[in-house]
Amino acid sequence: MTISPREEMACALCLSPLNLLDSQYVHPLGRDVVDHRPLPVATSSLDTVDRACDFCSDPHPMWALQGKNISALAAGNRSQLLQNFGQTWAACVPCMADIDTGRPENIVDRAVLRIGAADIASVRYSVGALHRIFLQHRRPGRTLITTTAWPALAVTARDLPRVRDRLAALYRGPDELPTGILARPQRRQTADSLDRARLYFVDESFTDLAEHAAAHLPAVAAQPGLPPADGGLILWARPTASSAVVAASWSTHGGHLDIVLYRAIGGGLDDQPLQRLREEIGWLVPLRTSQQPISELNRPPHPGGRMLLATWLLIAQKAAETAPVDLDTAVRHRYARTGRRLPDVLIVRVRAATRQNGNPNAPSADTGRRAYTSRVWVTGHWRNQAYGPGRTQRRLVYIHPFLRGPADTPIKLTSTVRILRNDDPDLPHRYPES
């Protein structure tokens with residue numbers, strides 16, 4: 001990974017970070033075969049960048065380290081090539097652990113294993129020399145890489161107190177965040193708000209509902225009382241198909257709203273590196289932030305923001321029911337030792353239907369004007385519902401998917417797959433790879 005003095009760029013087609021060579025952006029050497037010209041976009045505009053660890057080529061780097069700008073001359077039989085390795089290197093969790101504990105030989109072993117070269121001795125010497133030069137000139141500090149696409153990760157509602165506490169500790173800790181994501185004063189404020197935040201875990205069925213509602217969300221005038229609490233942390237059962245966002249935190253300040261969107265990290269790591277990552281960083285890293293009056297949150301441009309707004313709207317219209325989560329003994333003991341009040345964790349799920357056809361807003365079979373010979377699925381949609389004196393006011397209400405038609409008629413088959421809800425709040429859910 002090479003970062004120029006300008007803003008870092010990546011290819012919009014393959015998401016690979018780009019090198020700057022003679023004022024031209026090029027794909028980095030050593031990547032897989034590239035069959036297209038680079039289409040440069042700023043990495044700050046992307047949720048995911050296809051990086052690799054610059055020490056061992058692991059596809060899940062966690063930190064960016066600053067060192068000396070390194071170039072190497074590769075000589076062949078007929079030509080020579082000057083390769084620039086840059087002054088910013090990405091490091092994965094195992095490589096960072098070996099750097100911190102002074103075990104560079106382990107890093108070289110992993111790099112040589114991934115390269116799979118025939119002349120192992122020569123490759124070890126060359127790779128080791130590059131690593132030593134960079135580490136000798138490494139500058140203090142490290143910056144989190146939040147755009148890595150991590151594999152599936154299992155989290156339960158009972159994990160939320162630990163997830164919240166590690167996230168607050170990350171904001172108060174020494175690791176730097178990427179440019180544009182929470183300056184130091186904002187980090188402290190966000191950590192303080194997380195300490196007081198209500199904790200919500202959205203189950204699989206309600207996540208499905210919120211995702212569909214968010215995809216069809218029109219512009220809506222948000223009101224100060226829309227968020228279910230002044231501050232909160234909400235974790236969905238999985239990220240949406242259009243976004244890496246799996247969680248969001250918010251805090252309100254006099255009509256203004258601070259929102260942070262998060263991705264999950266650590267999936268696929270072995271036990272020891274995973275434990276180290278949990279202790280140093282946690283489960284979540286921030287992807288996007290926004291600060292604005294709540295009245296301007298009419299249709300957020302980012303899919304994660306729309307998912308949060310849709311979830312709030314569904315909760316406000318009582319499409320959801322919440323149930324407290326019984327926290328495990330280890331969490332109870334940890335909070336008792338530190339004299340902290342045990343947090344309330346609520347699981348959010350679809351409110352039970354009050355009608356046989358599955359939708360309280362749907363017309364009953366004996367009052368509809370049309371005679372149905374089968375039952376058909378009506379797709380979920382938003383509606384401006386009249387309310388208030390003389391029904392002169394309007395509010396946005398989501399109409400759930402429901403079966404229309406007499407209960408004793410067959411269901412008309414379609415190609416749509418509908419997922420029935422799971423009511424077990426303690427069943428782990430899988431985050432699909434971004």
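Our subject is the structure listed above.
Since we're looking at a predicted model, the values are computed, not measured. (Residues numbered from 1 in each chain as written. Predicted model: local features only at pLDDT ≥ 70, side-chain atom pairs only at ≥ 80, totals over all residues. Heavy atoms only, no water.)

Colleague: Would you take a moment to explain the overall build of the chain for this structure?
Modeller: For the chain, the helix and strand inventory stands at nine helices and 20 strands. Sequence separation of at least 24 residues holds for 69% of the intrachain contacts in the chain that already meet a minimum separation of 6. A total of about 22,600 Å² of accessible surface is found on the chain, and carbon and sulfur atoms cover 51% of it. (Helix = DSSP H or I, 4+ residues; strand = E, 2+ residues; numbered from the N terminus. Contact = heavy atoms within 4.5 Å. Areas by Shrake-Rupley, 256 points an atom, 1.4 Å probe, with all protein chains shown as cover.)

Colleague: What is the right way to look at helix H8 (residues 303-316) in this model?
Modeller: One turn of an α-helix holds 3.6 residues; hence residues three or four places apart share an orientation. Given a rise of 1.5 Å per residue, 14 residues ought to cover 20 Å, and the 20 Å separating the end C-alpha atoms of H8 matches this to within 8%. Burial analysis of H8 places 12 of its 14 residues in the buried class, which makes it a mostly covered element. Residues Gly304, Gly305, Arg306, Met307, Leu308, Leu309, Ala310, Thr311, Trp312, Leu313, Leu314 and Ile315 constitute the buried set of H8. Following H8 by one or two positions, Lys318 has its phi on the positive side, about 65 degrees. (Expected span 1.5 Å × (residues − 1). Buried < 20%, exposed > 50% of the residue type's maximum accessible area, 1.4 Å probe, protein only.)

Colleague: What's the story with the nonpolar core in this structure? I'm lost.
Modeller: Among soluble globular proteins, nonpolar side chains are generally buried collectively. Residues Phe55, Met62, Trp63, Tyr171 and Leu284 are the most contacted members of the largest nonpolar core, which totals 61 residues. If you tally residues by element for this core, the top one is helix H4 (residues 160-172), at six residues. Counting 40 residues, the second-largest nonpolar core is a separate cluster that includes Ala213, Ala222, Ala319 and Leu346. (Core = buried A, V, L, I, M, F, W, Y, C linked by side-chain atoms within 4.5 Å.)

Colleague: I would appreciate a short explanation of the pattern of salt bridges in the present structure.
Modeller: A side chain of one charge can pair with a side chain of the opposite charge if their charged atoms are brought near each other. Scanning the model with the defined rule gives 23 salt bridges in all. For Asp47, the salt bridge is made with Arg288, and the minimal N-O distance between the two is 3.0 Å. Of this pair, Asp47 sits in the loop between strand E4 (40-42) and strand E5 (61-75) while Arg288 sits in strand E13 (residues 284-293), and the two are 241 residues apart along the sequence. Of the residues examined, Arg288 reaches a relative accessible area of 22% and is grouped as partly exposed. (Salt bridge = Lys/Arg side-chain N within 4 Å of Asp/Glu carboxyl O.)

Colleague: Any chance you could explain the packing of aromatic side chains here in plain terms?
Modeller: Remark: the centre distance and the inter-plane angle together describe each pair of aromatic rings, the angle taken between the planes. Counting across every chain of the model gives five aromatic pairs. Note on Phe55 and Trp89: the rings are 5.1 Å apart at their centroids and 65 degrees apart in plane angle, and the pair reads as edge-to-face. Remark: Trp89 occurs in strand E6 (residues 80-92) and Phe55 occurs in the loop between E4 and E5; sequence separation between them is 34 residues. The two residues Phe55 and Trp89 agree in class, both being buried. Taken together, a centroid distance of 5.8 Å and an interplanar angle of 75 degrees make the contact between Phe55 and Phe134 edge-to-face. Placement of Phe55 in the loop between E4 and E5 and of Phe134 in helix H3 (residues 120-136) is noted, with a sequence separation of 79 residues between them. Since its relative accessible area comes to 0%, Phe134 is described here as buried. An aromatic cluster is defined as three or more aromatic residues linked by ring pairs; in this entry it consists of Phe55, Trp89 and Phe134. (Phe/Tyr/Trp six-rings, centres within 6.5 Å; stacked < 30°, edge-to-face > 60°.)

Colleague: Hey, could you run me through unusual backbone geometry in this one?
Modeller: Only a minority of non-glycine residues have a phi that is not negative, and only a minority of peptide bonds are not trans. Unusually for a residue other than glycine, Ser57 sits at a positive phi of about 70 degrees. For Ser57, the position within the fold is in the loop between E4 and E5. On the accessibility criterion, Ser57 (44% relative accessible area) is partly exposed.

Colleague: Would you explain the sheet that holds strand E10 (residues 231-236) in this entry?
Modeller: Sheets are built from strands paired through backbone hydrogen bonds, the pairs being either parallel or antiparallel. Spatial ordering of the open sheet is given by E13-E12-E11-E10-E9-E15-E14, a layout of seven strands whose pairing is mixed. With one partner strand each, in any of the chains shown, E13 and strand E14 (320-324) form the two edges of the open sheet. Pairwise comparison of adjacent strand axes, ignoring direction, gives a mean angle of 20 degrees for this sheet. Set on the sheet, helix H6 (residues 204-215) makes contact with strand E9 (198-202), E10, E14 and strand E15 (345-350); between it and E15 the angle comes to about 65 degrees. Those strands touched by H8 are E10, strand E11 (247-253), strand E12 (256-264), E14 and E15, and its axis lies near 105 degrees from that of E10. (Pairing = 2+ DSSP bridges. Axes fitted to C-alpha atoms, helices over the stretch in contact; angles between N-to-C directions.)

Colleague: What am I meant to see in helix H7 (residues 271-280) here?
Modeller: The set of residues buried in H7 consists of Pro273, Leu277 and Arg278. Burial along H7 is one-sided: seen end-on, the buried residues are contained in an arc of 140 degrees. Pointing more than 90 degrees away from the buried face of H7 are the exposed residues Asp271 and Gln272. Looking one or two residues beyond H7, the residue adopting positive phi is Gly282, at roughly 120 degrees. (Arc of directions from axis to C-beta.)

Colleague: What should I look at first to understand the pairing of E12 in this one?
Modeller: A regular strand carries its side chains on alternate faces of the sheet. Of all nine residues in E12, eight are buried; the element is thus mostly enclosed. Bridge analysis of E11 against E12 gives seven bridges, and the strand direction is antiparallel. When the bridges of E12 are listed, Ala248 appears paired with Leu261. Hairpin connection between E11 and E12: a loop of two residues separates the two successive antiparallel strands, and Gly254 in this loop has a positive phi of roughly 55 degrees. The sheet contact formed by E12 and E13 spans nine bridges and is antiparallel. Bridge pairing in E13 links Ile259 to Ser290.

Geometric values such as these leave the question of function open.
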